[in-house]
Amino acid sequence: VTVRVMWKRHTGRFLALALIFVLICGSLGGCSLRKQFADALARELSGFQSQQQTQEDASQHACVDFSQMTYTRPDEAALYDAIAQIEQAAQSEDEDAVIASCEQLDALYTQASTQYALVMIYHSLDVQDAYYQSEYQLVYEMLTEVERRANEQLMALIEDGYRDALVERWGEEFVEDVQLAVRLNNDAVAALLNRDNELVLEYDRIAAQTSVSFDGRTWTLDDIYADDTLDYDTFYALYDAYCLALCEAVWPVFSELVTVRNQIAETLGFESYAQYQYLCYERDYTPQDALSFAGVVKEQIVPLLTQWYYTVYTNDTYALNMQTFESEETLAQIVENLYGISPVLGEAADYVRTYHLYDVASSDAKEQGAYTIYLEDYESPFLFGNLDEDYYGLGTMIHELGHCAGYYANPGEGPLDLAEIDSQGLELLSMAQYEAYFGRYAGAAAGDKLTDMLYSVVTGCMQDEFQQRIYAMEDLSMQTACQIFGQLNDEYGISELYPASDYEWVLVHHTFQSPFYYISYAASAVPALEIWQIAREDYDEGVQTYLALLMRDHDEDFLQVLQDCDLENPFDSDTLGELAEDLDEELARTLTRAWRFSEKGA
Ligand SMILES: [Zn+2]
């Protein structure tokens, strides 16, 4: 079974999609943006100024240290040679030789993709390093092409009478995956996919160079975020001006991206680019399902978010935000606390810590954000983060350690939305330990975390609806796109939270790099919150549900796994209705100083 899963993970998925498996966590999801806004808000509400900071009590793997893992460029010729050998074996009609040659390709491909993951990490650790930057790009292009050719070769085997032999060796799912991979990526769209990739890089370049002039100086977005002398109105005026400038600068790139992507979908015979991209993420729900879900979210969740967004923001929240959580100490504490939830979670985090499979230090040289990636040859996850030593950094570490635990205890790649339950579910189970992490600010942290989950659900739907509308339009103009976004800011209640900009969609990197990704934040937040609901009634049962989900069969679809774990369909309006009631009650409870995770005492 292990071999089947490993083989599936590689050749069954083509590498153009490998970026998906770098779980994009919190780059502009609720946290980082809300953090910037919280600072601006704090400056507005002068009552917080007096209480700056208070020092409170915060109190079968390879076992190879990360320092021992060195990058070597994959041997491209050997990979193509392995593909050629499959063809030769097929021509000689030797079934054993066909299977053996596939195994050979699998082994080589596993090595190559491990090197790809390694070079990606090194690139993230120093984005200015020219060697790793060019190697990263080179290996990406190399493996994208290798994977396309490999899948086409496997498709030929399936059609030429080797289907049964492949099923016997790797299972029916494997054959289906190859068929899907060829349907999603073949020679007909190779040039379009390359252009897509170039345009995304162009967006990165423009975003890195864009600035705006104000008050006799030039401001980048980081300058705007970092300047704590700006008052509330000036901050948002500058923010809006920056978003507009970036929007104007990248519009030609985005406009072409939409055209190219619509051409990809059309060439491959899909109804829409959304439908195509949903399949790339292995979703078993449709863009239409997401829109219906968004309708319910607008009714049930948006009013909660607008009601609680500021209400939960108290003096304690401010004090909590000002606290320092030193990375190494915090990681040690998280490891210890995770043992308290379940031995397997503690062990996974301990492994990451012991073998230095993490880099979470804050640095300008590093890539922004956080992700977890799996190093197949070493059977080890790696946790990357560019994190501040604060409350948000701590939360992100717990989030990523949820992904690490998944890779450690049950390696494999299935639907993205399930992986995000590993992480968000762990964040919510960790709320039971908030007193250990945050002392008297536990309630403030709980209110913030739950509001953050609401924000994920709302913005997940909003960014998806925005993209669905944009990709479906004829003759798209920047003005129309921004009007639509402004309208959605109103419909989703974002305009009630802060002076939202019609142009700020342009800051969502996912819209460029990983289109239609955002709905995953909403779809996975709901089951994660359901685990939280169960845990508040019976903590052990919540943990058991979480672990059952962690140990899922990676061949199964999102909704199937939820059903197997006795979790509700998140798209069912009753699910959201009950959740909304619980959240409403609990958010009120977090405002009490004596807040505990469960009144029953978890
Ligand atoms: Zn994540």
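Our structure is the block above this text.
The rules we used
Residues numbered from 1 in each chain as written. Predicted model: local features only at pLDDT ≥ 70, side-chain atom pairs only at ≥ 80, totals over all residues. Heavy atoms only, no water. Phe/Tyr/Trp six-rings, centres within 6.5 Å; stacked < 30°, edge-to-face > 60°. Helix = DSSP H or I, 4+ residues; strand = E, 2+ residues; numbered from the N terminus. Buried < 20%, exposed > 50% of the residue type's maximum accessible area, 1.4 Å probe, protein only. Pairing = 2+ DSSP bridges. Contact = heavy atoms within 4.5 Å. Axes fitted to C-alpha atoms, helices over the stretch in contact; angles between N-to-C directions. Salt bridge = Lys/Arg side-chain N within 4 Å of Asp/Glu carboxyl O.

J.: What am I meant to see in the packing of aromatic side chains here?
T.: What describes a pair of aromatic rings is the distance from one ring centre to the other and the angle between the planes of the rings. A full pass over the atoms with the stated rule returns 47 aromatic pairs. Ring geometry for W170 versus F174: centroids 5.5 Å apart, planes at 50 degrees, classification tilted. Relative to F571, the ring of Y285 lies with its centre 4.5 Å away and its plane at 55 degrees, an arrangement referred to as tilted. Of this pair, Y285 sits in the loop between α10 (273–280) and α11 (287–300) while F571 is found in the loop between α24 (558–564) and α25 (573–590), placing the two residues 286 residues apart along the sequence. A relative accessible area of 3% places Y285 in the buried class.

J.: What am I meant to see in the sheet that holds strand β4 (residues 370–375) here?
T.: Within a beta sheet, neighbouring strands are joined by backbone hydrogen bonds and run either parallel or antiparallel to one another. One open sheet accounts for three strands, arranged β3-β5-β4; its pairing is mixed. Each edge of the open sheet carries a strand with a single partner, namely β3 (358–359) and β4. Packing of helix α4 (residues 95–125) onto the sheet brings it into contact with β3, β4 and β5 (380–385), and relative to β4 it is tilted by some 150 degrees.

J.: Please explain the pattern of salt bridges as it appears in this structure.
T.: When their charged atoms lie close together, side chains carrying opposite charge are able to pair. Scanning the entire structure with this criterion turns up 23 salt bridges. In this structure, the salt-bridge partner of R163 is E172, at a minimum N-O distance of 3.0 Å. Of the charged contacts, one joins R217 and D227 as a salt bridge, the two residues approaching to 3.9 Å between their closest N and O atoms. On the criterion of sequence distance, the pair formed by R217 in strand β2 (residues 217–219) and D227 in the loop between α8 (221–226) and α9 (232–267) is long-range, its members being 10 residues apart. When its relative accessible area of 37% is taken as the criterion, R217 is described as partly exposed.

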